[in-house]
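Here is what each chain is made of, one letter per residue.
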Amino acid sequence: WFPDVNHGVLDEPRYNLIMGDGRNYELATDSTYDVISVDATSPQMAGNGSLYTLDFYELVRSHLSPQGIAVQWLPFHLLSDAQVRMTARTFMEAFPHTTLWFSPLRSLGLLVGSHDRLRVDVQSLASKLQRPGVRQQLERVGVTEPLDVLAWFVTGEKGLAKYTADARLNTDDHPYLEFTPAWSYFFATRYGAQNMYNFGFFARHSISGDLYTYLGMQDKAHQEYQKALSIDPGDKNAEHAYWRERGLPK
């Protein structure tokens, strides 16, 4: 139904679609993978909480290749501050070498875990960015070179350890996340703003600009972006059409 977006992946000979419960599949398979990406919908929807527990993350780790990475979608607009910290700490319990990243437009978060400390091969990244499908998709959000990808980085292991220090663990026996009140859809702006504010301690001015734009305070957003540009003239975040559509002054 969406070949323009997925580039006809279902017709790709190397693609193997497995329909079923992902967690049960991991219990039954002996396969290992270079990338395991968990992109379930809200963890507060019935059944999805089992994909955010320590028990599941330990399963993921057992099926990850030595050089592989595990990626957890972090919908910080649907989770309170305490829930984001709990999710991150639980993930880190299975993957001590975890880094926190934004999606290209900073609308979502990504936890990236690995067996060893993550190292980015800039030359390899540059080569991958030139792949036709990848290049076409990322050009739409102003991502054309490795530094644009590295700009998504929020914080590393030490920053995350401090950020999650007092958070509780989410486990199968104590599934706090799934059974927290599911009113986040009514407070998405508040939750998103609060978590953006917290992440701002890792990259102050640029993220503050996002936060003010998110709240409709365009003049203050513009001021913060200008401060970010005075530090890093290559910061492309304020140029994204996403923010322009929300009235950010040029």
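Described in the following lines is the structure provided in the data block. Note that the coordinates shown come from a computational prediction; the quantities given were computed from them, not determined experimentally. (Residues numbered from 1 in each chain as written. Predicted model: local features only at pLDDT ≥ 70, side-chain atom pairs only at ≥ 80, totals over all residues. Heavy atoms only, no water.)

### Points about the layout of surface pockets
Then, number 1: Within this model, the largest pocket holds a volume of roughly 1500 Å³.
Then, number 2: Only β1 (33-38), β2 (64-74), β4 (109-114), α5 (122-129), α6 (132-139) and α7 (146-150) provide two or more residues apiece to the lining of the largest pocket.
Then, number 3: Looking at the lining of the largest pocket element by element, the count peaks at six residues for β2.
Then, number 4: Across the lining of the largest pocket, the residue classes tally to 20 nonpolar, nine polar and seven charged.
Then, number 5: A volume near 740 Å³ is recorded for the second largest pocket.
Then, number 6: Considering the residues around the second largest pocket, the lining is formed by 21 residues, among which G22, Y25, Y33, I36 and S37 are closest to the centre.
Then, number 7: Contributing elements (two or more residues each) for the lining of the second largest pocket: α2 (22-28) and β1.
Then, number 8: With five residues, the top contributor of residues to the lining of the second largest pocket is β1. (1 Å grid on protein atoms, 1.4 Å probe; cavity = no way out; pocket = protein on both sides within 12 Å on 5 of 7 lines; lining within 4 Å. Points joined across faces, edges and corners; volume = space filled by probe spheres on them. Helix = DSSP H or I, 4+ residues; strand = E, 2+ residues; numbered from the N terminus. Nonpolar A, V, L, I, M, F, W, Y, C, P; charged D, E, K, R; others polar.)

### Structural notes on the nonpolar core
The nonpolar side chains of soluble globular proteins are, as a tendency, buried together.
Then, number 1: Formed by 34 residues in total, the largest nonpolar core has its most connected members in F95 and F199.
Then, number 2: Mapped by element, the contributors of at least two residues to this core are β1, α3 (54-62), β2, α4 (81-94), β3 (97-102), α8 (157-163), α9 (188-199) and α10 (204-214).
Then, number 3: Considering every element that reaches this core, the biggest residue donor is α4, with six residues.
Then, number 4: Not counting chain neighbours up to four residues away, the residues in contact with F199 comprise F76, V84, L100, F102, V154, Y163 and I207.
Then, number 5: The next biggest cluster of nonpolar side chains, apart from the first, holds eleven residues, and it includes W101, L105, L125 and L129. (Core = buried A, V, L, I, M, F, W, Y, C linked by side-chain atoms within 4.5 Å. Buried < 20%, exposed > 50% of the residue type's maximum accessible area, 1.4 Å probe, protein only. Contact = heavy atoms within 4.5 Å.)

### Concerning the pairing of β4
Then, number 1: The element β4 is largely enclosed, with a buried count of five among its six residues.
Then, number 2: Across six bridges, the pairing between β2 and β4 is antiparallel. What sits directly across from W73, in β4, is L110.
Then, number 3: Where β3 lies against β4, six bridges are found, and the strand directions are antiparallel. Looking across to β4, one finds that T99 is bridged to V112. (Pairing = 2+ DSSP bridges.)

### Concerning the side chain of T53
Then, number 1: As for its position among the elements, T53 is in the loop between β1 and α3.
Then, number 2: Residue classification places T53 among the buried positions, given a relative accessible area of 1%.
Then, number 3: Every residue in contact with T53, bar those within four places of it in the chain, is listed here: R23, T90, N170, T171 and D172.

### A word on a nonpolar patch on the surface
Then, number 1: Where nonpolar side chains cluster on the molecular surface, the patch consists of L10, Y15, L17 and M19 and spans about 470 Å² of accessible area.
Then, number 2: If you trace the backbone, L10 turns up in the loop between α1 (3-6) and α2. (Patch = residues over 30% accessible without salt bridge, like charges linked within 9 Å, V, L, I, M, F, W, Y side chains within 5 Å. Areas by Shrake-Rupley, 256 points an atom, 1.4 Å probe, with all protein chains shown as cover. Salt bridge = Lys/Arg side-chain N within 4 Å of Asp/Glu carboxyl O.)

### Some points on the sheet that holds β3
Then, number 1: Strand order in the open sheet formed by five strands is β1-β2-β4-β3-β5, with mixed pairing between adjacent strands. Edge positions in the sheet fall to β1 and β5 (153-155), since each has one partner strand and no second. Strand-to-strand, the axes of this sheet are offset by a mean angle of 25°, without reference to chain direction.
Then, number 2: Here β1 runs beside β2; their pairing, made up of five bridges, is parallel. If you follow V35 over to β2, its bridge partner there is I69.
Then, number 3: Those strands touched by α3 are β1 and β2, and its axis lies near 145° from that of β2.
Then, number 4: The strands touched by α4 within the sheet are β2, β3 and β4, with β4 carrying the most contacts at an inclination of about 15°. (Axes fitted to C-alpha atoms, helices over the stretch in contact; angles between N-to-C directions.)

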